Amino acid sequence: MYIIWKLISLPAVLLLTAAIAAAVTLNPTDDAFISEQNHSTNYGSQNFLMIGHTGLYNNSLLKFDLSAYAGETVEYAELRLYVYYLGTTSNFLIARNTEDWSESSVTWNTCPSFTDELSITGPQVEEEYWVIDVTGVVQGFLNGSYENYGFHLTKDNPLDGFVYIFSKEYSGNYPELDITFASSLESTTLGAIKAAFQ
């Protein structure tokens, strides 16, 4: 009877183990855009974020609370931004901020420094999510290689169009950070289960 119970229960335990492999979707704690034209104005309460525009830079900043996941291994992470107005499909830049900031006070004049700019393909259509692979940066945030001050989105040429995306202040289609974690549970739990059946 004991052996039968173990044989029947093993698939259920394995299914439970697989189900625990974690994926989370986070919304920003802070998001804002900053304007070179209105360099002392704070736009943290707006229901949209702007990147690019004509003649002058507008950059967008987003920050997510990752403290609950420190030390985890990331399998994949993507930043998802809902585009509601598209003025270009050309390339943009994403970087990581190297100083802290707050959506309630950040302006062009107080903009945090940023580094590791990476060219990314711009959104292609309106009224859909623009998906950006940020796996490496998020892993760096979680393993302590980088301080988590969030992301910085800009254009290398402000004359080359712009995009508007919904901020967390909008009534839906919020910015998202989707993270899938590599499961360390399988190697430890599955090893224990195998040992119990030997």
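That block above? That's the structure.
Before going into details, it helps to say that this report is about the structure given with it. (Residues numbered from 1 in each chain as written. Predicted model: local features only at pLDDT ≥ 70, side-chain atom pairs only at ≥ 80, totals over all residues. Heavy atoms only, no water.)

1. Some words on the nonpolar core
Ranked by size, the top nonpolar core spans 29 residues in total, and within it Leu66, Trp130, Ile132, Val134, Val138, Leu153 and Ile179 carry the most contacts. Ranked by the residues each element gives to this core, the list is headed by strand β5 (residues 74-86), at 6 residues. In this view, Ile132 contacts Ala77, Glu78, Leu79, Leu81, Ile94, Ile120 and Leu153; residues no more than four positions away in its chain are not counted. Among the nonpolar cores identified, the runner-up in size contains 6 residues, and Phe33, Phe48, Phe162 and Tyr164 belong to it. (Core = buried A, V, L, I, M, F, W, Y, C linked by side-chain atoms within 4.5 Å. Buried < 20%, exposed > 50% of the residue type's maximum accessible area, 1.4 Å probe, protein only. Helix = DSSP H or I, 4+ residues; strand = E, 2+ residues; numbered from the N terminus. Contact = heavy atoms within 4.5 Å.)

2. Some points on the environment of Gly87
Take Gly87: it is sitting in the loop between β5 and β6 (92-97). Exposure remark for Gly87: the relative accessible area of 36% places this residue in the partly exposed category. Once the C-alpha coordinates of Gly87 and Val163 are considered, the two residues, 76 residues apart in sequence, prove to be 5.5 Å apart. With residues near it in sequence (within four places) discarded, Gly87 still touches Gly161 and Phe162.

3. Let's talk about unusual backbone geometry
The phi dihedral of Asp116 falls on the positive side, at around 55 degrees, and the residue is not glycine. Within the secondary structure, Asp116 is located in strand β7 (residues 114-120). Unusually for a residue other than glycine, Asn173 sits at a positive phi of about 50 degrees. With respect to the helices and strands, the residue Asn173 is situated in the loop between β10 (162-166) and β11 (176-181).

4. Observations concerning the packing of aromatic side chains
Going through the model one piece at a time under the given rule, you end up with 17 aromatic pairs. A ring pair is formed by Tyr85 and Tyr164, whose centres lie 6.0 Å apart and whose planes are at 80 degrees; its orientation type is edge-to-face. A residue pair is termed long-range when its members are at least 10 positions apart, and Tyr85 in strand β5 and Tyr164 in strand β10 qualify at 79 residues. Residue classification places Tyr85 among the partly exposed positions, given a relative accessible area of 42%. Using a relative accessible area of 15% as the deciding quantity, one classes Tyr164 as buried. Taking the centre distance of 5.5 Å and the plane angle of 90 degrees together, the rings of Phe162 and Tyr164 count as edge-to-face. The pair formed by Phe162 and Tyr164 is uniform in burial state, with each residue classed as buried. An aromatic cluster is present here, built from Phe33, Tyr43, Phe48, Tyr82, Tyr84, Tyr85, Tyr129, Phe162, Tyr164, Phe166 and Tyr170 joined pairwise through their rings. (Phe/Tyr/Trp six-rings, centres within 6.5 Å; stacked < 30°, edge-to-face > 60°.)

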